[in-house]
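Tertiary structure, described
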Amino acid sequence: MKKSILVDLLKLSLLGVAIFALFYFYPIFPDKPELDISIANEEKLGKLIVEDILSHDPSFKKLDNPALDSALCLITSRLTDSIGLTDYEFHFRVLDNPAINAVTLPGGNIFIFKGLIEFSESPEEVAAVIAHELGHVQKRHVVHRLVREFGISVVLTVLGGGDNVMLSELGRTALSTAFDRDEEKDADRFGLDLLVKSQISPKALAVFFRRLSRKYNTMEKVHENFEFMMTHPHNNSRIKMAMEYPLPAGFQPNAFTINWESMKNSL
Amino acid sequence: MPPAMSTPFYHPVPQPEEIPIREREDAMGAYLMMFAAIGAGLPLPVINLIASIVYYFINRSHSRFVHFHSLQAMLSQMPTSIMNIILVFWSVRIFFTDATVNDYYVGYIWLTVIANILYFVYGIISAVKARRGRMYYLMFFGKISYSIAFAVKEEKTREIKNEPPPIG
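Residues numbered from 1 in each chain as written. Chains lettered and ligands numbered in written order. Predicted model: local features only at pLDDT ≥ 70, side-chain atom pairs only at ≥ 80, totals over all residues. Heavy atoms only, no water.

What follows concerns the overall build of chain B. Helix and strand content of chain B: five helices and zero strands. Listed N to C, the secondary structure of chain B is α-α-α-α-α in terms of helices and strands. Of all 168 residues assigned to chain B, the portion counted as buried reaches 41%. A fraction of 74% describes how many contacts in chain B between residues 6 or more apart in sequence connect residues 24 or more apart. (Helix = DSSP H or I, 4+ residues; strand = E, 2+ residues; numbered from the N terminus. Buried < 20%, exposed > 50% of the residue type's maximum accessible area, 1.4 Å probe, protein only. Contact = heavy atoms within 4.5 Å.)

Right, here's the structure in full:
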């Protein structure tokens, strides 16, 4: 009898696992809400939000520096060239803001803060952070978040124009709300893949995070001043992930020919 | 002949004509009570689990037939109830925190939905069979319930005697 009961238990468990696996690999579920907004509309929304932030918020002023622009162009073009097929046209802007931060906005817009450039010790570190942000763009995390928080109708109303209050609110939310852990992991994976494709060592991300953790190891400090840490939790596991990222055979990193220190001095 | 220690012995299963109508209804009630308690159990499905445990302990002494069916009803609803509780907590987490709907959640929802449908269908079938005085064995749960309800237990030999109060 005991054996027969165990066999039944095994059969039931296998049935459960099979049902779960079937729907895990072939999920039958309504489309994710962000898919209701086309890429063209997302780009339009991104443009509106970026213009609104840059024109109204004094802490988000564009930083104009030719040395930085050319360095950034080298970094971002290497990354975007390796991304492959994409629906987005990416726009990178450096803001004159001391926070160590980088933010993704709808429609392929990425803000890089001056504090991040000053803190990083090599162009590879900045590339690693940008690659991560590109992951958020490609996976449409920001639109997903906005639709989740405001509902599709609000987003579509803002797109129609005329609702400046809501537009500012969307912008603030896009800038401030944290992604969840799964989204961060998703962006990390995408970023690390992209770094390898761009002949940049994924260890650059680990180096960056380790230095950041070492420098600001108390939560209060991070909370007050450095949004980057706050919105990107679980740094230890991410450092590990970057360090242990399997490199393809014969991988040779191709260093950027940028004089990083002199570029930083020009800021 | 007394049962040997190593060999499990079971009482003979009763035949439909031997089972009084009252016992059949008690056995059927074990399954039907679950469905009634589902309404009360929402949104926390733990209430029907508690109801089935209470029903089992009240009715198990009535007869082996009722014991078997109420035990089977209780055991068979445990996995579904536990899955429902997990689903409620998971959904609340998604609703109130930043957690997102991922493929694990979608897989789990479908697993829970199918488990609930199976439980509902087999619950109805079991209730009807119990009302007809039939033994109906659900996979796994039927065998466990049978082995508990119909097992020949060792007779309690210790007699309890009333004594006068101790003097001194």
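Now that the structure has been shown, we can carry on.
This part is about the interface of chain B and chain A. Residue-level contacts link 22 residues of chain B with 22 residues of chain A. Counting the surface lost from both chain B and chain A, the interface buries some 2,100 Å², and carbon and sulfur atoms represent 73% of this. Here chain B and chain A share one salt bridge between them. Notably, a salt bridge pairs Asp8 of chain A with Lys143 of chain B, separated by 3.1 Å at the nearest N-O pair. One can count three residue pairs in polar contact (both at pLDDT 80 or more) joining chain B with chain A. Listed by contribution, the elements that provide at least two residues to the side of chain B that touches chain A are helix H4 (103-131) and helix H5 (141-149) of chain B. Considering every element that reaches the side of chain B that touches chain A, the biggest residue donor is H4 of chain B, with nine residues. (Buried area = accessible area lost by both parts, 1.4 Å probe. Salt bridge = Lys/Arg side-chain N within 4 Å of Asp/Glu carboxyl O. Polar contact = N/O pair within 3.5 Å; in protein donor to acceptor, adjacent residues only side chain to side chain.)

What follows is about the sheet that holds strand S1 (residues 91-95) of chain A. Residue and element names in this part refer to chain A. One open sheet holds the three strands; their spatial order is S1-S3-S2, and the pairing between them is mixed. What marks the edges here is a single partner per strand, and that holds for S1 and strand S2 (102-105). The mean angle between the axes of side-by-side strands here comes to 20°, regardless of whether they run parallel or antiparallel. Two strands pair when backbone bridges link them, and S1 and strand S3 (residues 109-113) are joined in this way by five bridges, in the parallel orientation. Across the sheet, residue Phe92 finds its bridge partner in S3, namely Ile110. Relative to S1, helix H3 (residues 66-82) is tilted by about 145°, and along the sheet it contacts S1 and S3. Relative to S2, helix H5 (residues 123-138) is tilted by about 20°, and along the sheet it contacts S1, S2 and S3. (Pairing = 2+ DSSP bridges. Axes fitted to C-alpha atoms, helices over the stretch in contact; angles between N-to-C directions.)

Our next topic: the layout of surface pockets. Over the atoms a probe the size of a water molecule is rolled, and this reveals where empty space is left. Put simply, the largest pocket is a space of about 660 Å³. Every residue lining the largest pocket is counted, 29 residues in all, and those nearest its centre are Leu12 of chain A together with Pro79, Ala115, Leu118 and Phe141 of chain B. When contributions to the lining of the largest pocket are tallied by element, the ones reaching two or more residues are helix H1 (2-25) of chain A together with helix H1 (21-41), helix H3 (64-96) and H4 of chain B. In terms of residues, the lining of the largest pocket owes the most to one element, H4 of chain B, which gives eight residues. For the lining of the largest pocket, the per-class residue count stands at 23 nonpolar, six polar and no charged. (1 Å grid on protein atoms, 1.4 Å probe; cavity = no way out; pocket = protein on both sides within 12 Å on 5 of 7 lines; lining within 4 Å. Points joined across faces, edges and corners; volume = space filled by probe spheres on them. Nonpolar A, V, L, I, M, F, W, Y, C, P; charged D, E, K, R; others polar.)

Let us look at the packing of helix H2 (residues 39-56) of chain A against helix H8 (residues 164-176) of chain A. A pair of packed helices is characterised by two quantities: the angle between their axes and the separation of those axes. Residues and elements named next belong to chain A. In the contact formed by H2 and H8, the axes pass within 9 Å of each other and the chain directions differ by 90°. In terms of axis orientation, H2 runs roughly perpendicular to H8. Contacts from Leu45, Leu48, Ile49, Asp52 and Ile53 of H2 reach H8 at Leu167, Ser168, Leu170, Gly171 and Leu175. Each residue belonging to the contact of H2 with H8 can be placed in one class, and the counts come to seven nonpolar, two polar and one charged. (Parallel < 35°, antiparallel > 145°, perpendicular 65-115°, else oblique.)

On to the nonpolar core, then. All names here are of chain A. Of all hydrophobic cores here, the largest spans 46 residues; its most connected members are Ile75, Leu79, Ile130, Leu134, Leu195, Phe208 and Trp260. Elements with a contribution of two residues or more to this core: H3, S3, helix H4 (114-119), H5, helix H9 (181-197), helix H10 (203-215), helix H13 (235-243) and helix H14 (260-265). Ranked by the residues each element gives to this core, the list is headed by H5, at eight residues. Within the second largest apolar cluster, 25 residues are counted, among which are Val103, Phe113, Leu146 and Leu175. (Core = buried A, V, L, I, M, F, W, Y, C linked by side-chain atoms within 4.5 Å.)

Purely geometric numbers; function is a separate question.
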